[in-house]
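In case you want the letters, here they are:
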Amino acid sequence: QVRLVESGGGLVQADGSLRLSCAASGRTFSSGCMAWFRQAPGKEREFVAAIGWSGGRTNYADSVKGRFTISRDNAKNTVFLQMNNLKPEDTAVYYCAGAETASRWSVGAHEYDYWGQGTQVTVSS
């Protein structure tokens, strides 16, 4: 079993930055993909970014391209999401997800087997 634990959320003003972390433990990944999703109140969970665990190639939702960067540290089994130029519409609970059968093009939540508990990101205007 894989356990994912997110950290780094908080309250920030518009145009500010936050860095989220997702630490994986248990049966760690040697292949597949890690991703970030987010869910705002009353909305469906949506894809934010993904990174291949072995090759490190990335994919981003159009809404965050140029502002967010996903990266990973394989030695520490940790994935990061650097969020810059944050906007009020980025306010949501952010979830880390992983799957050994997913790729960076896997943008559906149903494609991921493991999920963290989520971390709240609130951007004030």
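For the structure, check the block above.
So, here is what we can say about the structure in this document. (Residues numbered from 1 in each chain as written. Predicted model: local features only at pLDDT ≥ 70, side-chain atom pairs only at ≥ 80, totals over all residues. Heavy atoms only, no water.)

Reading across from one edge, 1-3-8-7 is the order of the four strands in this open sheet, with antiparallel pairing throughout. What marks the edges here is a single partner per strand, and that holds for strand 1 (2–7) and strand 7 (68–73). Strand-to-strand twist in this sheet, taken as the mean axis angle between neighbours without regard to direction, amounts to 15 degrees. Across six bridges, the pairing between strand 3 (residues 18–26) and strand 8 (residues 78–83) is antiparallel. Bridging across to strand 8, R19 finds its partner in Q82. (Pairing = 2+ DSSP bridges. Helix = DSSP H or I, 4+ residues; strand = E, 2+ residues; numbered from the N terminus. Axes fitted to C-alpha atoms, helices over the stretch in contact; angles between N-to-C directions.)

To continue, consider the pairing of strand 5 (residues 46–52). Within strand 5, six of the seven residues are buried, which leaves the element mostly enclosed by the surrounding structure. Counting the residues between successive antiparallel strands, the hairpin from strand 4 (residues 33–39) to strand 5 contains six residues, one of them, G42, with a positive phi of roughly 75 degrees. Pairing of strand 5 with strand 6 (residues 58–60), which is carried by three bridges, proceeds in the antiparallel orientation. When the sheet's bridge partners are listed, A49 is paired in strand 6 with Y60. Here strand 5 folds back onto strand 6, and the loop between the two strands holds five residues, one of which, G56, carries a positive phi near 80 degrees. (Buried < 20%, exposed > 50% of the residue type's maximum accessible area, 1.4 Å probe, protein only.)

Moving on, we get to the pattern of salt bridges. Enumeration over the complete set of coordinates arrives at four salt bridges. Ionic pairing is found between E46 and R38, a salt bridge with its closest N-O pair at 2.6 Å. R38 gets classed as buried once you look at its relative accessible area, which sits at 6%. It is possible to trace a salt-bridge network through shared partners that takes in R38, E46, R67 and D90. (Salt bridge = Lys/Arg side-chain N within 4 Å of Asp/Glu carboxyl O.)

Moving on, we get to the state of the cysteines. With the rule as written, the count across this model stands at one disulfide. For the unlinked cysteine C33, the closest cysteine sulfur is that of C96, found at 10 Å. (Disulfide = S-S within 2.5 Å.)

In total, this model carries five aromatic pairs according to the counting rule given. Ring centres of F37 and F47 lie 5.8 Å apart, and the angle between their planes is 80 degrees; on these two criteria the pair is classed as edge-to-face. On the criterion of sequence distance, the pair formed by F37 in strand 4 and F47 in strand 5 is long-range, its members being ten residues apart. A residue is classified by how much of its surface remains accessible, and F37, at 0% relative accessible area, is buried. With centroids separated by 6.5 Å and ring planes inclined at 75 degrees, the aromatic side chains of Y95 and W115 adopt a geometry described as edge-to-face. Here Y95, found in strand 9 (residues 92–99), pairs with W115, found in strand 10 (residues 114–115); they are 20 residues apart in sequence, far enough to count as distant. A residue is classified by how much of its surface remains accessible, and W115, at 27% relative accessible area, is partly exposed. In textbook terms, an aromatic cluster arises when at least three aromatic residues are bridged by ring pairs, as seen for F37, F47, Y95, Y112 and W115. Directly above the aromatic system of F80 lies the positively charged group of R19, at a separation of 4.0 Å from the ring centroid. The ring of W115 carries the charged tip of R45 above its face, separated from the ring centre by 4.8 Å. (Phe/Tyr/Trp six-rings, centres within 6.5 Å; stacked < 30°, edge-to-face > 60°. Lys NZ or Arg CZ within 6 Å of the ring centre and 35° of its normal.)

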